[in-house]
Structure formats: C-alpha cells, structure tokens
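# Chains, contacts and geometry: an overview
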Amino acid sequence: MELTKLKAHELKSLIEKKEASVEEVTEAHLNRIEAVDEKLGAFLYVAKEEALSKAKELDGKVAKGESLGLLGGVPVGIKDNISVKGMQNTCASKILQGYISPYDATVAENVKNADGVILGKLNMDEFAMGSSTENSAYKLGRNPWDLERVPGGSSGGSAIAVAAMEAPLTLGTETGGSVRQPASFCGVVGLKPTYGRVSRSGVVAFGSTLDQVGTFGKDVKDCALITQAIAGVDHRDFTTVDTPVQDYFNGLTTDVRGKKIGIPKEFFGDGLDTNVKKAVEEALKVFKENGAEIKEVSLPLTDYSLATYYIVACAEASSNLARFDGIRYGYRSENYADAVDVYIKSRSEGFGTEVKRRIMLGTYALSAGYYDAYYKKALKVRNLIKGDFDRVFKEVDAIISPTSPTPAFKIGEKTDNVLEMYLSDIYTVPVNIAGIPAISVPCGMANGLPVGLQLMGNYFREDLLFNLAYSFEQSTDWHKKLPQL
C-alpha cells in the first residue's frame, strides 16, 4: 500500500484503526518530497525533524488509547507567508531571507490543535503577487502534469504538493484567485472561503480587504476536512465573523435535487479556451442529471472586476509592504550612505520586479490628486460588483464558471506580457472583490492538462459548495487522475 497515494480522510481512517502509524504516514510523505521535489520546487523548507517529532508524539497518544483531533495525524504543508513558530516565513522574497517566525498564525495553531503534522513551508509567488509561481526569489515551481508548464499562483507550491502526492493537505492564501487557479492548473480541489470565515492573524498581508487563507485537498472530502479544522472566529482578527462552522466533512451529501445553479453569460465569452469551455459544458450536464436546475444569469459588471481588483489590491499592497524597510528584520543592503539610503537600497535589492510594479501602481493610485480618480472610484465599483452577486443569489443557490480561461501555460510564456498574465485571473477576482466563497474542482482535461470548474456561493455557504462539488465529483472520475512523475 502506497500511503502517499491515499486521500487525507483515508489516512485518517487508517491511523484511527491502527493500521498505520502517524510516523509511517509522515515518513512516507517526507520520502516522497525527497524523491520528487527537486524537479518540482514545491517546498522552500522541509520540517523533517519537527514533523517526525510531532508524529511520535501523536503515536504516543494513540498508544495510550487517546483519540486524535480532527486531522488525526495527517500531514499538512503550509504556504511560506503563513507563520509557523520556529520555521522560516520568507514569502518567497529576498527581503525576508533568514526570518524565522517567533509565533504561530491562528491557522497553523488550529492545524496543530487538530493534530495535523506540519511538513514544512511551500513555494509561492513573492508576497503572493503573481499567477504562476515564477516570481519566487528562491526556486521555480513546475506543474506535475508537465514540467515545462507553470503550476499557477501565487499558491503554486501548495497545489504542486497535493497533486504530486508530497502532502495530502495544504494551506494557501487567496487575494484574487491564488488558491483556485493553481488548483485548476494542477488538477486538485481548492477552496477560497468567505472573507471572515478563516483568521488572517499571522498571515503576511498583501491586500487586507481581499486576502483569505484557502485550502487544498486531493478531493472534496479532504478539502472539507482541512477547512473545518481551520475555520472559525478569532479574537486576534477582528475581521473574522462569529458564525457557527458547519460540519463540512461529515455533512457531505450527493443530493443536489432542486438546487438552482446560475451560468453567468459574461464568463463564457472571448478568451475562453475551446476545450475548457467544452469541459465545463459537460460538467453542467452532470449537474442536470443529478437533479440541479441550470439557468442563465448575468453579472454585467464582471468586465470591470480586473481593473477594480488591481487598483484596490495594489493600493493595499503599497501600504502593507511599507513595513519591510531593511531596519527591523530581513534583508538589509550592505552598501548605504545614511538612513534614507538603507531604505531605498534594501527595498530596491530585496523586492522582485512584480512586487515593485505593484507597490508603484498602488502608491500612484493613493497619491494626492489621483486618490479620488482611482482608489475611491474602484471602491465604488467594488460595491456595485458585490451588488451584482447579491442580486443573482436571490435567484440561484450557486454560480458555475470555468476557474481559468485556459489550462496551465508554459513557463516564460506570459512573463513579458503583464496584462495577459493578469487576465488568467479574470474568472476568480470577482469572488475576492465580493468576499464570497468559491471552490475549484477538476472537471476534465485539455491537451493532457487538467481543467478546473469553479462553483461560487453566497456568504458562509461553504457547506453548499462542498455538497455541489461532492455530487459532481462522485459522478465523475476526474479527481482520480494522477500526474506521471
């Protein structure tokens, strides 16, 4: 039995039945990382000693007859912008090289409390800015399905690790689609929860009103399991909402009869790959066969989503990243004349091209004379986009679209065309702007590459999204396909 091929919930069951130890499961995944990660670039730090120590501790609990927590000894990988005590937290940036977190983010604490075993820190686009994981200062992330293609971003390492069987569960972060898009490209399940459903305490901020910790799993059950483990109100994050967390894992059902699903016509226009469109249309037939009602809806302000997103996100990034100054921690330039020179040179040398681009765009949008024309106007349009979703959710229970307009593109294909790169998030950014939850599930293949189906729901209806996704998954075999490494 190859433990790394099993789903998280299957591993959890084996451990509960004492058919496998936590240490055996952990060692299997550590060996897998050692065997394949050199060519994939998913991990920036492998916590071998910490993981094995935790595994032995949990096996000790099992030996005493104690029950394990929700995650039950299952290994978890964590994106390198989420703080884990005693581990690096570089955000894949030179400016945070050598920084070791002195505390746990709330989600990392929740993973530990649920008896998950943290395997290490995962690769990403620098400060979560990118759609391909080509912007990491340390290593290039590669798609397990085709090593010449990107895994998506910014949570590319998190998607690679699950797809390549290096970790059964991982955490990522979302600002404009950075969980769902790499989940689509790598053929795994990825959820972006409602804004406020999961704590951001201890997560390095990019766009504070857009950011949310998201989850990856091999299938819907796995994604539901890890989401349930990390969700909930947190007194350290005043943006979390005190709404009860449903039992996502045990509450899964395939019964979607009578559910109304909206198809936004604006998501099926120019720029959508023919094979991706075909895969999504085939998926719609499955939902119909399962008893769901499909109807066309309209989100007319979708065309303004990308512009709105980049103004708001860049403005918030320029503010959030001001704290990285070369003085208190992280990288500091060796050659400087005075205090001002330290700031200028440390930031110039420490930040990569994409981060600098977004800081400059954001600073410009917030500057005197342009604040009203750009940032203030973007906030008004954001409210209108949210209104579009509010109106549509009065008619339907969920909305379906492609996750990305294309399958994974080749490494280097879009690095010289920034606008084309940004357009790869065109179907995901409206969700972050509105703050609603959305999930991506595998729904087909296009030229040998995975295609993702996106399901969007109303606020705090992650339970419904999991059930719709589970119904589709149990009626198809796409989630069973594995890359050949």
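See above for the structure.
Residues numbered from 1 in each chain as written. Predicted model: local features only at pLDDT ≥ 70, side-chain atom pairs only at ≥ 80, totals over all residues. Heavy atoms only, no water.

### Overview of helix α8 (residues 274-289)
Across its 16 residues, α8 extends 23 Å between first and last C-alpha, which sits within 8% of the 22 Å expected from 1.5 Å per residue. Those residues of α8 not exposed but buried are Val-276, Ala-279, Val-280, Ala-283, Leu-284, Val-286 and Phe-287. The arc enclosing the buried residues of α8, seen along the axis, measures out at 155°, which places them on a common side. Opposite its buried face, α8 presents the exposed residues Thr-274, Lys-278, Lys-288 and Glu-289, each directed more than 90 degrees away. (Helix = DSSP H or I, 4+ residues; strand = E, 2+ residues; numbered from the N terminus. Expected span 1.5 Å × (residues − 1). Buried < 20%, exposed > 50% of the residue type's maximum accessible area, 1.4 Å probe, protein only. Arc of directions from axis to C-beta.)

### Overview of the nonpolar core
With 81 residues, the main nonpolar core has Phe-127, Phe-287, Phe-389, Ile-400, Ile-439 and Phe-466 as its most contacted residues. Counting residues in hydrophobic clusters, the runner-up holds 53 residues, among them Val-84, Met-87, Ala-105 and Ala-231. (Core = buried A, V, L, I, M, F, W, Y, C linked by side-chain atoms within 4.5 Å.)

### Some thoughts on the sheet that holds strand β6 (residues 212-217)
Taken together, 11 strands build an open sheet; the order of strands is β1-β3-β2-β4-β6-β5-β10-β11-β9-β7-β8 and the sheet is mixed. Looking along the sheet, the strands with just one partner apiece sit at the ends: β1 (43-46) and β8 (293-297). Taken over all neighbouring pairs, the strand axes of this sheet differ in orientation by 30° on average, direction set aside. Helix α15 (residues 462-474) contacts β5 (189-192), β7 (260-264), β9 (398-402), β10 (438-446) and β11 (449-457) of the sheet and is inclined by roughly 20° relative to β10. (Pairing = 2+ DSSP bridges. Axes fitted to C-alpha atoms, helices over the stretch in contact; angles between N-to-C directions. Contact = heavy atoms within 4.5 Å.)

### Observations concerning the packing of aromatic side chains
Summed over all chains, the structure comprises 15 aromatic pairs. A centroid spacing of 5.9 Å and a plane angle of 50° characterise the contact between Tyr-364 and Tyr-374, whose relative ring orientation is tilted. Of this pair, Tyr-364 sits in helix α11 (residues 353-366) while Tyr-374 sits in helix α12 (residues 372-392); the two residues are 10 residues apart in sequence, bridging distant segments of the chain. Tyr-374 sits in the partly exposed class, given a relative accessible area of 34%. Ring geometry for Tyr-370 and Tyr-374: centres 6.2 Å apart, planes at 35°, overall tilted. Site record: aromatic cluster; members linked through ring pairs are Tyr-99, Phe-127, Phe-324, Tyr-329 and Phe-351. (Phe/Tyr/Trp six-rings, centres within 6.5 Å; stacked < 30°, edge-to-face > 60°.)

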